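Each chain is listed here by its residues.
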Amino acid sequence: MSETINRLTDKVKLPEPPVNKELRQLIKEGKEIEAIRRARQEFGLSLVEGKQYIDQLKAK
């Protein structure tokens with residue numbers, strides 16, 4: 001799901017979701033589990049999808 005969103009965002013140049021700033025801050029503070037939890041709440045993701053989403057943010 002995240003991959004599809006990323007591809008669509010790249011094609012139509014949609015702005016990044018505002019919550020990503022908060023998620024990156026949580027990652028920076030070493031609170032990866034909280035970041036996954038927050039991503040799941042915000043986007044309705046499964047645990048696996050939430051982890052993948054956070055991993056993608058860390059890679060950027």
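Thresholds applied
- Residues numbered from 1 in each chain as written.
- Predicted model: local features only at pLDDT ≥ 70, side-chain atom pairs only at ≥ 80, totals over all residues.
- Heavy atoms only, no water.
- Helix = DSSP H or I, 4+ residues; strand = E, 2+ residues; numbered from the N terminus.
- Rg over C-alpha atoms; globule rule 2.2 N^0.38 Å.
- Buried < 20%, exposed > 50% of the residue type's maximum accessible area, 1.4 Å probe, protein only.
- Polar contact = N/O pair within 3.5 Å; in protein donor to acceptor, adjacent residues only side chain to side chain.
- Contact = heavy atoms within 4.5 Å.
- pLDDT = per-residue confidence, 0-100.

On to the overall build of the chain, then. Broken down by element type, the chain carries four helices and zero strands. Its helices and strands taken in sequence order, the chain reads α-α-α-α from the N to the C terminus. Relative to the 2.2 N^0.38 estimate, which gives 10 Å for 60 residues, the radius of gyration of the chain is 11 Å and therefore close to what a compact globule would have. Dimensions of the chain, computed from the C-alpha atoms along their principal axes, are close to 30 × 20 × 20 Å.

Another point: the environment of Leu57. Among the structural elements, Leu57 can be located in helix H4 (residues 47-59). C-alpha separation for the pair Leu57 and Leu23, spaced 34 residues apart in sequence, amounts to 8.2 Å.

A separate point is the side chain of Asn20. Its place among the elements puts Asn20 in helix H2 (residues 19-28). Relative accessible area serves as the criterion here: at 2%, Asn20 is assigned to the buried category. Polar contacts involving the side chain of Asn20 include one to the side chain of Glu16, which spans 3.5 Å. If we ignore the near neighbours within four places in the chain, the residues touching Asn20 are Phe43, Tyr53 and Leu57.

Another aspect to go through is the confidence of the model for the chain. Per-residue pLDDT for the chain averages 90, and the proportion of residues at 70 or more is 95%. Of all helices and strands in the chain, the one with the weakest mean pLDDT is helix H1 (residues 2-12) (72), whereas helix H3 (residues 32-43) scores best (97).

Right, let's talk about the environment of Glu34 for a bit. Its location among the elements puts Glu34 in helix H3. Linking Glu34 and Leu57, residues 23 residues apart in sequence, is a C-alpha distance of 14 Å. Among the polar contacts made by the side chain of Glu34, one reaches the side chain of Arg37 at a distance of 2.6 Å.

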